[in-house]
Amino acid sequence: MSKVAVIGAGAAGLMAAYAAAANGHNVTLFEKNEKSGKKIYITGKGRCNVTHDCTPSEFLQNVVNNAKFLTSSIHNFSPEKCVEFFEDGGVRLKLERGGRYFPLSDKASDITKCLENYCKYAGVTFKFNENVLKLNILNSTMSGITTENGVYDFDRVIVCTGGISYPSTGSNGEGFKFATEAGHSVTPLVQGLCGLNLKGNYYREMQGLTLKNVNLSVKYDGKIIKEFFGEMLFTHFGISGPIVLSASSLINRFDLNKVILSIDFKPALSEEQLDRRILRDFEEYKNKTISNCLKELLPSAVISEVLRRCKIPAEQKVNGVTKAQRITLLTIVKNFDMLVASLRDFNEAIITSGGVNVKEIDPKTMESKLIKGLYFCGEVLDVDAFTGGYNLQIAFSTGYAAGNSIR
């Protein structure tokens, strides 16, 4: 039986502590906050998107960075097993549009309570309000930890301290400090799943507009590299919403000057179908102004900017619109380009992208290749994915891998 310390009582930490304790080890879970799961409470706007309805292979296609590293852990604790785990623990889940699983109660707290109950049943000792200061390493082997309350002996230590996003939850980057002090390298940390500041100021007149069922293309260096379908919104700073958050994690390591985001307002229509639709509207409203005519096709808030880009006066009568202007209108409705100024800061980012270099971690066990008995799980690792429950699943799967691998 090993003496195991788990640092951080978030999604990864709770799962790692349970898995290790369930295998008969003596597990102590250290959390500097007064309770566990602070970040879980705010995920999914307080509802907690637990996981995604997909196979492991489909899951890995939605991992942005280091998908290969996750192959073993996702197969061993898959989304399907995750659903079974929580339902066996008494949390009924529901499947919503887009393949997203939530608690039937819509309460993220149910997920935390379930994990805590699993841990308590397995015999995990909780130490709240106790901050870990350093890892104690002797001859490249874990010997324990030092907290603000003293020194503890442990032969296994699992670091699950999260990243630096949402610092109000306690994510202050201490896990990266532990890693570097142990000799690990940490890849650059950037915001993930965040809103995007746009260049220009046109978006201000669209502030508050939510677009549903639109297509967002990500172009880099002139080429489309990814397309996202779903919901987005315009804000006082630019754009946000589910498909924008996912796009942010794709581009956060790119040269943003080479990035163009493009909205297709009518993805269900081909260009030919859209042209026929515009012609029908033009015929019906031929004596109206173009701005009034377009209210049948587009949200009112975007019309003036679309017309500005088309160089068509808002008060121009429809019967005076030329074929060339109509073709330009069609093109812009299908390709509304936006230039990205910057990412929103870490206070608003849902996750941290970057982290402990996975080349230095065993992908099957999450154990350090440099220090025996040291493990890293969850957001502290350089792995991240799009929105839709994927990142919480990564935390659960890597936590399970670490706790379950301890002998």
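### Observations regarding the overall build of the protein chain
Consideration 1: Across its full length, the protein chain carries twelve helices and 21 strands.
Consideration 2: Expressed as lengths along the three principal axes of its C-alpha atoms, the size of the protein chain is roughly 85 × 40 × 35 Å.
Consideration 3: The buried share of the protein chain, reckoned over its 407 residues, is 57%.
Consideration 4: Long-range pairs, those at least 24 residues apart, make up 72% of the contacts in the protein chain with a sequence separation of at least 6.
Consideration 5: The distance from the centre of the 48 positive side-chain charges to the centre of the 42 negative ones in the protein chain is 3 Å.

### Quick word on the pattern of salt bridges
Pairing between side chains becomes possible if they bear opposite charge and their charged atoms approach one another.
Consideration 1: Tallied over the entire structure, the rule returns 20 salt bridges.
Consideration 2: Linking K38 and E34 is a salt bridge whose minimum nitrogen-to-oxygen distance equals 3.5 Å.
Consideration 3: Residue classification places E34 among the partly exposed residues on the basis of a relative accessible area of 43%.
Consideration 4: Across the pair R309 and E305 runs a salt bridge, and its minimum N-O distance is 2.9 Å.

### A word on the sheet that holds strand β1 (residues 3-7)
Consideration 1: The strand order across the open sheet formed by five strands is β7-β2-β1-β11-β20, and the pairing between neighbours is parallel. In the strand order of this sheet, the two ends are held by β7 (125-128) and β20 (374-376), each with one partner. Taking the axes of each pair of neighbouring strands and ignoring which way they run, one obtains an average angle of 20° across the sheet.
Consideration 2: Bridging between strand β11 (residues 156-159) and β20 involves three bridges; their strand directions are parallel. What sits directly across from I158, in β20, is Y375.
Consideration 3: Seen against the sheet, helix α1 (residues 11-22) touches β1, β2 (26-31), β7 and β11 and runs at an angle of roughly 165° to β2.

### Description of a negative patch on the surface
Consideration 1: Taken together, the side chains of E80, E84, E87 and D88 make up a negatively charged region of the molecular surface.
Consideration 2: With respect to the helices and strands, D88 occurs in helix α4 (residues 79-88).

### Considering helix α5 (residues 108-122)
Consideration 1: Across its 15 residues, α5 extends 22 Å between first and last C-alpha, which sits within 8% of the 21 Å expected from 1.5 Å per residue.
Consideration 2: Every buried residue of α5 is accounted for by A108, S109, I111, T112, C114, L115, E116, Y118 and C119.
Consideration 3: Looking at the buried positions of α5, the neighbouring elements they touch are α1, α4, β5 (93-96), β6 (100-103), β7 and α12 (390-405).
Consideration 4: Remark: G123 follows α5 within two positions and exhibits a positive phi of approximately 95°.

### Some words on the sheet that holds strand β13 (residues 196-198)
Consideration 1: Reading around the barrel, the six strands line up as β13-β16-β15-β14-β17-β18 and close back on themselves, with antiparallel pairing between neighbours. Sheet twist, expressed as the average angle between the axes of neighbouring strands with direction ignored, equals 45°.
Consideration 2: Pairing geometry for strand β17 (residues 259-264) and strand β18 (residues 336-343), over four bridges, is antiparallel. Its bridge partner being in β18, I263 is matched across the sheet by F336.
Consideration 3: Its contacts with the sheet place helix α7 (residues 242-251) against β13, β14 (210-220), β15 (223-234), β16 (238-240), β17 and β18, and it is angled at close to 145° to β15.

### Observations regarding the environment of N257
Consideration 1: Looking at the secondary structure, you find N257 in the loop between α7 and β17.
Consideration 2: Residue classification places N257 among the exposed positions, given a relative accessible area of 60%.
Consideration 3: Here the side chain of N257 touches K199 through a polar contact of 3.4 Å, side chain to side chain.

### Thoughts on the nonpolar core
Consideration 1: Judged by nonpolar contacts, the single largest core of 77 residues is most densely connected at F86, I111, V157, I158 and F396.
Consideration 2: Ranked by the residues each element gives to this core, the list is headed by α1, at nine residues.
Consideration 3: The contacts of F396, once residues within four sequence positions are left out, are A11, M15, V50, F77, C82, F86, I111 and L115.
Consideration 4: Core analysis: the second largest hydrophobic core is formed by 53 residues, C194, I263, V302 and A349 among them.

### Topic: the packing of aromatic side chains
Consideration 1: Enumeration over the complete set of coordinates arrives at 17 aromatic pairs.
Consideration 2: Ring geometry for Y202 versus Y203: centroids 6.0 Å apart, planes at 75°, classification edge-to-face. By the burial criterion, Y202 is buried, and Y203 matches it.
Consideration 3: Within the aromatic cluster, the residues linked to one another by ring pairs are Y18, F77, F85, F86, Y118, F396 and Y400.
Consideration 4: Sitting over the face of the ring of Y41, K35 holds its NZ or CZ atom 4.5 Å from the ring centroid.

### Overview of the packing of α1 against α5
Consideration 1: Axis separation between α1 and α5 bottoms out at 9 Å; the angle between their running directions is 25°. Here α1 is positioned roughly parallel relative to α5, judged by the angle of their axes. As α1 runs across α5, the sense of the crossing is left-handed. In this structure, α1 contributes L14, M15, A17, Y18, A21 and A22 to the contact, and α5 contributes L115, E116, Y118, C119 and A122.
Consideration 2: Residue classes in the contact of α1 with α5 are distributed as ten nonpolar, no polar and one charged.

### Section: the side chain of H184
Consideration 1: Among the secondary structure elements, H184 is positioned in the loop between α6 (174-181) and β12 (190-192).
Consideration 2: Given the relative accessible area of 4%, H184 is considered buried.
Consideration 3: Setting aside chain neighbours within four positions, we find H184 in contact with A179, V356, E360, I361, S368, L370 and F376.

The rules behind these values
Residues numbered from 1 in each chain as written. Predicted model: local features only at pLDDT ≥ 70, side-chain atom pairs only at ≥ 80, totals over all residues. Heavy atoms only, no water. Helix = DSSP H or I, 4+ residues; strand = E, 2+ residues; numbered from the N terminus. Buried < 20%, exposed > 50% of the residue type's maximum accessible area, 1.4 Å probe, protein only. Contact = heavy atoms within 4.5 Å. Lys, Arg positive; Asp, Glu negative; His and termini not counted. Charge placed at Lys NZ, Arg CZ, Asp CG, Glu CD. Salt bridge = Lys/Arg side-chain N within 4 Å of Asp/Glu carboxyl O. Pairing = 2+ DSSP bridges. Axes fitted to C-alpha atoms, helices over the stretch in contact; angles between N-to-C directions. Patch = residues over 30% accessible without salt bridge, like charges linked within 9 Å, V, L, I, M, F, W, Y side chains within 5 Å. Areas by Shrake-Rupley, 256 points an atom, 1.4 Å probe, with all protein chains shown as cover. Expected span 1.5 Å × (residues − 1). Polar contact = N/O pair within 3.5 Å; in protein donor to acceptor, adjacent residues only side chain to side chain. Core = buried A, V, L, I, M, F, W, Y, C linked by side-chain atoms within 4.5 Å. Phe/Tyr/Trp six-rings, centres within 6.5 Å; stacked < 30°, edge-to-face > 60°. Lys NZ or Arg CZ within 6 Å of the ring centre and 35° of its normal. Parallel < 35°, antiparallel > 145°, perpendicular 65-115°, else oblique. Left-handed = near helix turned anticlockwise from the far one by under 90°. Nonpolar A, V, L, I, M, F, W, Y, C, P; charged D, E, K, R; others polar.

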